[in-house]
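Spelled out from the first residue to the last, the chains are:
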Amino acid sequence: MTQQSYTMIKPDAFANKDKIISMIEKAGYTIIKSKEMQMTPEFAGKFYAEHDGKPFFKGLVEFMTSGPVFAMVIEKENCILDFREFIGNTNPAKAKPGSIRNLFGGEMPQNAIHASDSPESANREISFIFN
Ligand code: CMP
């Protein structure tokens, strides 16, 4: 079944945006919508509301507001799970060789790219960013 997911190139990987987009398209994902954004602390805090209260929350918001991000809605069969597998482990140190997070990520929270983890998250994130 064709499915949509939300993905976002994070500030640490923004300079490599064109290379990352090309990898995503070559892997068979269609980019349906996209936009460049500069997140404010309030906006980033709301986007990552589920992590509010965790030890890394403050650092995550600082990182996500440290530069521009590139937001995308992507589409493919089994998009949500396949894309998470494709970009590599959340922690770049554990991401498979050649994956986006392995190639462009650094030390957590700097992991190059975000991807929705469920259909519910994808719906919420797509409407939060694009509506
Ligand atoms: P992502 O999975 O896109 O969304 C939540 C983000 O929080 C995650 O990427 C990392 O950028 C960050 N994050 C998650 N866990 C940790 C952690 N243990 N330490 C630092 N940052 C984290």
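Residues numbered from 1 in each chain as written. Predicted model: local features only at pLDDT ≥ 70, side-chain atom pairs only at ≥ 80, totals over all residues. Heavy atoms only, no water.

1. As for the site of the ligand
Surveying the vicinity of the ligand reveals the residues K10, Y48, H51, F56, L60, T90, R101, M108, P109, N111 and H114. A distance of 3.0 Å separates an oxygen atom of the ligand from a polar atom in the side chain of N111. Here H114 contributes a side-chain N or O atom positioned 2.8 Å from an oxygen atom of the ligand. Looking at the shell around the ligand, its residues break down into five nonpolar, four polar and two charged. (Near = heavy atom within 4 Å. Polar contact = N/O pair within 3.5 Å; in protein donor to acceptor, adjacent residues only side chain to side chain. Nonpolar A, V, L, I, M, F, W, Y, C, P; charged D, E, K, R; others polar.)

2. Topic: the pattern of salt bridges
Scanning the model with the defined rule gives five salt bridges in all. For the salt bridge of D18 with K17, the shortest nitrogen-to-oxygen distance reads 3.5 Å. The exposed category is assigned to D18, whose relative accessible area is 57%. Among the ionic pairs, D82 bridges to K76, the shortest N-O distance being 2.7 Å. (Salt bridge = Lys/Arg side-chain N within 4 Å of Asp/Glu carboxyl O. Buried < 20%, exposed > 50% of the residue type's maximum accessible area, 1.4 Å probe, protein only.)

3. Topic: the UniProt feature "binding site: ATP" (unreviewed entry) in the chain
Under the feature "binding site: ATP" (unreviewed entry), the UniProt entry names K10, F56, R84, T90, R101 and N111. With respect to the helices and strands, R84 occurs in helix α4 (residues 79-87). In this structure, R84 is in contact with T90, A115, S116 and D117, ignoring residues within four places of it in sequence. Tracing the backbone shows N111 in the loop between α5 (100-104) and β4 (113-115). The class for N111 is buried, based on a relative accessible area of 4%. If we ignore the near neighbours within four places in the chain, the residues touching N111 are K10, D12, F63, T90, P92, R101 and G105. (UniProt positions renumbered as here; feature names shortened; annotations may be inferred. Helix = DSSP H or I, 4+ residues; strand = E, 2+ residues; numbered from the N terminus. Contact = heavy atoms within 4.5 Å.)

4. Notes on the side chain of S99
Mapped onto the elements of the fold, S99 is located in the loop between α4 and α5. Other than its neighbours up to four places away in sequence, S99 contacts F86, I87 and G88.

5. A few points about the environment of F83
Following the sequence through the fold, F83 ends up in helix α4. Note on F83: relative accessible area 0%, which makes it buried. Between the C-alpha atom of F83 and that of V61, which follows or precedes it by 22 residues, the distance is 23 Å. Beyond its immediate chain neighbours, meaning those up to four positions away, F83 contacts T7, I24, Y29, I74, I113, H114 and A115.

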